[in-house]
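Overview (structure and organization)
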Amino acid sequence: MNQSEKLHILIPVLIGLSVTIGGVLLSAVLLHSGRIGEGAAPAAALIPYAVGSLLTALLAARMTKERKLPVGFLGSAILFGLLLILSLCWMGTSMQPVRIGITAAVGLGSGLCGGLTGAAVRTRTNKRRKK
């Protein structure tokens, strides 16, 4: 993987991380103010992560020229790893394997969807240019 390909993963991961953290902060404000009930707290945490993972994979797949789907999926996997390290080490969250598994499934599933979409959009754009 050359320097350019590494950059094609780093930028989408940082954008996805920003979107995820911003969404989680917005969810926390809405939970604290009472606009969202406490029963919706798990969904309020997972939805921003799913959107961030989808966006990461979509942007990574669109920015690369080759191996679009694997690069998009790799971007969402890196985002998951960063958020896992952040939550376990920095925030001091306890290890809960079931929640980690659910979060991984949601993130990697949305990353797969984003990677497929990004690869398809890029291919369609290239076909239009050739005509």
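Within each chain, residues carry numbers counting from 1 in the order of the written sequence. Local features in this predicted model are restricted to residues of pLDDT 70 or higher, and side-chain atom pairs are both shown and tallied only at a pLDDT of 80 or more, whereas totals for entire chains, interfaces and linings draw on every residue. Side-chain numbers here rest on the full set of heavy atoms in the structure, without hydrogens or water.

Section: the overall build of the chain
By the criteria applied, helices consist of DSSP H or I runs no shorter than four residues and strands consist of E runs no shorter than two, each listed in order from the N terminus. Scanning the chain for helices and strands turns up four helices and zero strands. Listing the helices and strands of the chain from first to last along the sequence gives α-α-α-α. Between buried and exposed lies partly exposed: a residue is buried under 20% and exposed over 50% of the maximum accessible area for its type, with that area taken using a 1.4 Å probe on protein chains only. A burial count over the chain gives 27% of its 131 residues as buried. Contacts are residue-level and defined by heavy atoms, with any inter-residue pair within 4.5 Å sufficient. Once local pairs closer than 6 in sequence are excluded, the contacts in the chain between residues at least 24 apart make up 77%. All accessible areas in this document rest on Shrake-Rupley with a 1.4 Å probe, and a residue is counted as covered only by the protein chains that are shown. Within the structure as shown, the chain displays about 8,200 Å² of accessible surface, and the carbon and sulfur contribution to it stands at 69%.

Considering the nonpolar core
Buried Ala, Val, Leu, Ile, Met, Phe, Trp, Tyr and Cys residues that are joined via side-chain atoms within 4.5 Å together make up what is termed a nonpolar core. If you look at the biggest cluster of nonpolar residues, it comprises six residues: L17, Y49, L79, F80, L83 and A104. Considering every element that reaches this core, the biggest residue donor is helix 3 (residues 68-90), with three residues. Apart from residues no more than four positions distant in its own chain, F80 is found in contact with Y49, I100, T103 and A104.

With respect to the confidence of the model for the chain
The predictor's confidence in any single residue is recorded as pLDDT, a number from 0 to 100. For the chain, per-residue confidence averages 84 on the pLDDT scale, and 85% of positions sit at 70 or higher. Per-element averaging of pLDDT across the chain places helix 4 (residues 97-130) at the bottom with 80 and helix 2 (residues 41-63) at the top with 90.

Points about the packing of helix 2 against helix 3
Helix-helix packing is described using two parameters, namely the angle between the two axes and the distance between the axes. In this analysis, axes come from line fits to C-alpha atoms, helices being fitted only over the stretch in contact, and the angle between any two N-to-C directions falls in the range 0 to 180 degrees. Contact geometry for helix 2 and helix 3: axes closest at 7 Å, N-to-C directions at 145°. Between helix 2 and helix 3 lies a crossing of right-handed hand. Of the residues in helix 3, those touching helix 2 at Y49, G52, S53, T56, A57, A60 and A61 are K68, V71, G72, G75, S76, L79, F80 and L83. Lys, Arg, Asp and Glu make up the charged group, whereas Ala, Val, Leu, Ile, Met, Phe, Trp, Tyr, Cys and Pro make up the nonpolar group; the residues left over, Gly among them, are polar. Looking at the contact of helix 2 with helix 3 residue by residue, the class counts come to eight nonpolar, six polar and one charged. Handedness of each helix crossing follows the sense of rotation of the near helix against the far helix: counterclockwise by less than a right angle gives left-handed, clockwise gives right-handed.

Here's the deal with the side chain of T56
Among the secondary structure elements, T56 is positioned in helix 2. For T56, a relative accessible area of 0% translates into the label buried. Setting aside residues up to four positions removed in sequence, T56 forms contacts with P12, V13, G16, G75, S76 and L79.

Considering a nonpolar patch on the surface
Surface patches are drawn from residues lacking salt bridges whose relative accessible area is over 30%; two like charges belong together within 9 Å, two nonpolar side chains (Val, Leu, Ile, Met, Phe, Trp, Tyr) within 5 Å. Salt-bridge detection follows one rule: a side-chain nitrogen of Lys or Arg within 4 Å of a carboxyl oxygen of Asp or Glu. Side chains of L7, L10, I11, L14, I15, V19, I47, V51 and M63 sit close together on the surface and give an oily, nonpolar patch of about 710 Å² of accessible area. Mapped onto the nonpolar patch, the elements with two or more residues apiece are helix 1 (3-33) and helix 2. Top element by residues in the nonpolar patch is helix 1. It accounts for six residues. You can see I15 is positioned in helix 1.

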